[in-house]
Amino acid sequence: MLCMLVFITACKQKDYTKFTHDPILYCKTVKKLNDVVLYNNFSPVVASRNYAYANIAAYECIAAGDSNYKSLTGLIHHFPVMPKPATKTAPDFHLSALLAFVKVGNAVTFPEGVLMDYYDELKDHARDAGMSRTVLKASEAFSDSIAAAIMNWSKTDSYAQTRSAEKYTVKHEDGRWIPTPPAYNQGMEPHWCDIRTLMLDSSNQILPPPPPPYNMQDTSSKYYKEVMEVKTIGENLTDEQKHIAEFFDDNPFNLHVTGHVMYATKKFSPPGHWMNIVGIAAEKSKADFKKTVAAYTETAIALFDGFIACWKSKYTSNTIRPETVINKFIDPAWEPYLQTPPFPSYVSGHSVISAASAEIMSYHFGDHFSYTDTSSLEFGIPSRSFSSFREAALEASWSRLYGGIHFRSDLEQGNLVGIRIGELILQRLHPSTANSKLSVNH
């Protein structure tokens, strides 16, 4: 009888891995953070920071337990040495990854403690699944040490300093960005390029050429033709183009104004959309827990660095939006199909971060990975299917032209910047297998 009890207890103790090692659980955990980011109206650039640090914390837990996954120490030149498990009992590194993700995600978002009920649920479920008290305690202790190290490191990235930095100066100069209707919000995050990069050496490392010169006097100029292209396409959108624009709108705070009534609708931001796509790909490919964490983490790094590089371009060129130019010179009543975001036009953030993400995801899941993106169903927008991540990235890019909020050059150059960022990240993280074709501005 005693032998039978020991056998049953041993089996029960092993059962918890079916819970903690489930890659879908990690996808659901990332979605928990995505929902917090959505409902609390984090801007796209700040959202990318939230995803990056939370995923890196999870990844470092995985790397500590599997030598096939290298710590980012030495790969990110300012990344500190991570702590090792300090208890005699080995932690469950998968649970540690989940807990570290949640604790860091909780620390970089608000309201305070918003994710901690879920944190407790994870521990309760692990215990109910058969995890012993000692393993649970060891897993939480290791997770806490990683989360603390990541949070201490994150505090040196200049984010806090940019909270009180000088606001964007509105100047009514030809070709310079000014706030747009209906909210006429000030320029969002004009100092985001001062945030410390992860894999890029600096925000200056990969930049596009200057935008086409502002010129509304010469109807044969490249600039004038691009303005007219936005107007013409916007006035003749097909149902398919409208769907594409809506699908990739990803406006975290869309303001609706009807007479004296104003209200806002929320969606996840562009980085939240790409986090969802990672989850879709991981589930379809049946990736294991560790590969799933790695794919999320590297994509989050691409999003983070992509926005920093893009914002350097935006607030260097300070390029006016199509809506402002068309209203001033061509048609005062013209409106874009989508609401114009509150920051300069060149280059397109969607184009940069989508192209960068597509390069990372193509590495992890394949160049011709077909999938259906169901991310926008929760907002009442039908799904779209793609034959590859790069195809999706291009469609995301062109959605901004259909939406009437970007010029062609914004998209084409933004896409090239994003590709180069993705290639650079892969070359540094996976030098033996990543694409060797890479050109970088120095």
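Quick note: structure is the one above.
Here goes a summary of the coordinates provided. (Residues numbered from 1 in each chain as written. Predicted model: local features only at pLDDT ≥ 70, side-chain atom pairs only at ≥ 80, totals over all residues. Heavy atoms only, no water.)

**Some thoughts on the overall build of the chain**
To keep it simple, the criterion reads: Helix numbers and strand numbers start at the N terminus; a helix is a DSSP run of H or I with at least 4 residues, a strand a run of E with at least 2. Based on C-alpha atoms, the radius of gyration is set beside the globule rule, defined as 2.2 Å times the residue count to the power 0.38. Working definition: with a 1.4 Å probe on protein chains only, accessible area under 20% of the residue-type maximum means buried, over 50% means exposed, and in between means partly exposed. By definition in these notes, contact holds between two residues if any of their heavy atoms fall within 4.5 Å. Exposure was quantified through the Shrake-Rupley algorithm and a 1.4 Å probe, taking into account, for residues, occlusion by the shown protein chains and nothing else. Residues scored as positive are Lys and Arg, those scored as negative are Asp and Glu, and His as well as the terminal groups of each chain are ignored. Charge positions are represented by NZ for Lys, CZ for Arg, CG for Asp and CD for Glu.
For the chain, the count of helices and strands is 16 helices and 4 strands. Over its C-alpha trace the chain gives a radius of gyration of 23 Å, about what one expects of a compact globule, namely 22 Å for 442 residues. Projected onto the principal axes, the alpha-carbon positions of the chain cover approximately 90 × 45 × 45 Å. Out of the 442 residues belonging to the chain, those deemed buried represent 56%. Taking contacts inside the chain between residues at least 6 apart in sequence as the whole, the part at least 24 apart equals 78%. Accessible surface for the chain amounts to roughly 19000 Å². Of this, 54% is attributable to carbon and sulfur atoms. Across the chain, the mean location of the 42 positive side-chain charges is 5 Å away from that of the 46 negative side-chain charges.

**Observations concerning the pattern of salt bridges**
Just so we agree on the cut-off: Put simply, a salt bridge is a Lys or Arg side-chain nitrogen that is within 4 Å of an Asp or Glu carboxyl oxygen.
Enumeration according to the criterion identifies 20 salt bridges in this entry. A salt bridge links Arg 384 to Glu 240; the nearest nitrogen and oxygen atoms lie 2.6 Å apart. Of the two residues, Arg 384 is situated in strand S4 (residues 384–386) and Glu 240 in helix H10 (residues 239–247); the sequence distance between them amounts to 144 residues. For Glu 240, a relative accessible area of 43% puts it in the partly exposed group. In this structure, Arg 390 and Asp 367 form a salt bridge, with 3.1 Å as the shortest nitrogen-oxygen distance.

**Considering helix H14 (residues 349–365)**
Formally: By this rule, a helix spans an expected 1.5 Å times one less than how many residues it contains. In protein, a polar contact requires one atom able to donate a hydrogen and another able to accept it; more generally it is a pair of N or O atoms within 3.5 Å, and residues adjacent in sequence count only if both atoms are side-chain atoms.
Its 17 residues place the ends of H14 24 Å apart at the C-alpha level, agreeing with the 24 Å of an ideal helix rising 1.5 Å per residue. The opening residue of H14, the one whose side-chain oxygen lies 3.4 Å from the backbone nitrogen of His 350, is Ser 348. Immediately beyond the C-terminal end of H14, within one or two residues, lies Gly 366, with a positive phi of roughly 115°.

**Describing the packing of aromatic side chains**
Applicable threshold: Stacked, edge-to-face and tilted labels apply to pairs of Phe, Tyr and Trp rings (six-membered ring for Trp) whose centres lie within 6.5 Å, assigned for plane angles under 30 degrees, over 60, and everything in between, in that order. The criterion is that NZ of a Lys, or CZ of an Arg, lies within 6 Å of the ring centre and within 35 degrees of the ring normal, and then a charge sits over that ring.
As enumerated under the stated definition, the model contains 25 aromatic pairs in all. Between Tyr 168 and Trp 177, the ring centres sit 5.3 Å apart and the planes meet at 70°, which makes this aromatic pair edge-to-face. Residue Tyr 168 shares its accessibility class with Trp 177, and that shared class is buried. An angle of 80° between the planes, with centres 4.9 Å apart, marks the rings of Phe 268 and Phe 379 as edge-to-face. Taken together, the residues Phe 268 in the loop between strand S2 (261–265) and helix H11 (270–285) and Phe 379 in the loop between strand S3 (371–373) and S4 connect sequence positions 111 residues apart. Following the ring pairs from residue to residue traces out a cluster consisting of Phe 247, Phe 248, Phe 365, Phe 369, Tyr 371, Phe 386 and Phe 389. Positioned above the aromatic ring of Tyr 159 is the side chain of Arg 49, whose terminal nitrogen or guanidinium carbon lies 4.0 Å from the ring centre. Positioned above the aromatic ring of Phe 369, the side-chain terminus of Lys 284 is 5.4 Å from the ring centre.

**Things to note about the environment of Pro 342**
Mapped onto the elements, Pro 342 comes out in the loop between helix H13 (322–329) and H14. Taking relative accessible area as the criterion, Pro 342 reaches 23% and is therefore assigned partly exposed. Separated by 286 residues in the primary sequence, Pro 342 and Ile 56 have C-alpha atoms spaced 29 Å apart. Those residues within four positions of Pro 342 in sequence are excluded, and the remaining contacts are Trp 177, Asn 185, Gln 186, Gly 187, Met 188 and Tyr 315.

**Focus: unusual backbone geometry**
Glycine aside, a negative phi is what most residues show, and trans is what most peptide bonds show. Across the junction of Phe 110 and Pro 111, the peptide omega takes the value 0°, indicating a cis bond. With respect to the helices, strands and loops of the structure, Pro 111 is situated in the loop between helix H5 (93–107) and helix H6 (116–128). For the bond running from Tyr 346 to Val 347, omega is 0°, close enough to zero to count as cis. The phi dihedral of Asn 41 is positive, around 60°, even though this residue is not glycine. Topologically, Asn 41 is positioned in the loop between helix H3 (23–39) and helix H4 (44–65).

**A short note on the packing of H5 against H6**
Geometrically, a packed helix pair is captured by the angle between its two axes and the distance between the axes. This is how the line gets drawn: For helices, the fitted axis covers only the stretch in contact; all axes are lines through C-alpha atoms, and the angles between them, taken along N-to-C directions, range from 0 to 180 degrees. Convention used here: angles under 35 degrees read as roughly parallel, angles over 145 as roughly antiparallel, angles from 65 to 115 as roughly perpendicular, and any remaining angle as oblique. Only Asp, Glu, Lys and Arg are considered charged in this grouping, and only Ala, Val, Leu, Ile, Met, Phe, Trp, Tyr, Cys and Pro are considered nonpolar; every other residue, Gly among them, is considered polar.
Packing of H5 against H6 leaves a shortest axis separation of 9 Å and a crossing angle of 170°. Classified by the angle between their axes, H5 and H6 sit roughly antiparallel to one another. Contacts between H5 and H6 involve Leu 95, Leu 98, Leu 99, Val 102, Lys 103 and Asn 106 from the former and Met 116, Tyr 118, Tyr 119, Leu 122, Lys 123 and Ala 126 from the latter. Considered class by class, the residues forming the contact of H5 with H6 number 9 nonpolar, 1 polar and 2 charged.

**Description of the nonpolar core**
Applicable threshold: By convention a nonpolar core is built from buried Ala, Val, Leu, Ile, Met, Phe, Trp, Tyr and Cys residues, the set being connected through side-chain atoms within 4.5 Å.
Judged by nonpolar contacts, the single largest core of 119 residues is most densely connected at Tyr 26, Ile 150, Trp 192, Trp 311, Phe 365, Phe 389 and Ile 421. The element best represented in this core is helix H12 (residues 289–317), accounting for 16 residues. Contacts of Phe 389, omitting those with residues within four sequence positions, involve Trp 274, Ile 277, Ala 281, Ala 358, Met 361, Ser 362, Phe 365, Gly 366, Phe 369 and Tyr 371. Tyr 223, Val 227, Trp 334 and Leu 411 belong to the second largest nonpolar core, which has 12 residues in total.

**Focus: the environment of Ala 300**
Summarising the element assignment, Ala 300 is placed in helix H12. Along the backbone, Ala 300 and Ser 154 are 146 residues apart, and their C-alpha atoms lie at a distance of 15 Å. Once residues lying within four places of it in the same chain are set aside, the contact partners of Ala 300 are Tyr 51, Ala 52, Asn 55 and Met 275.

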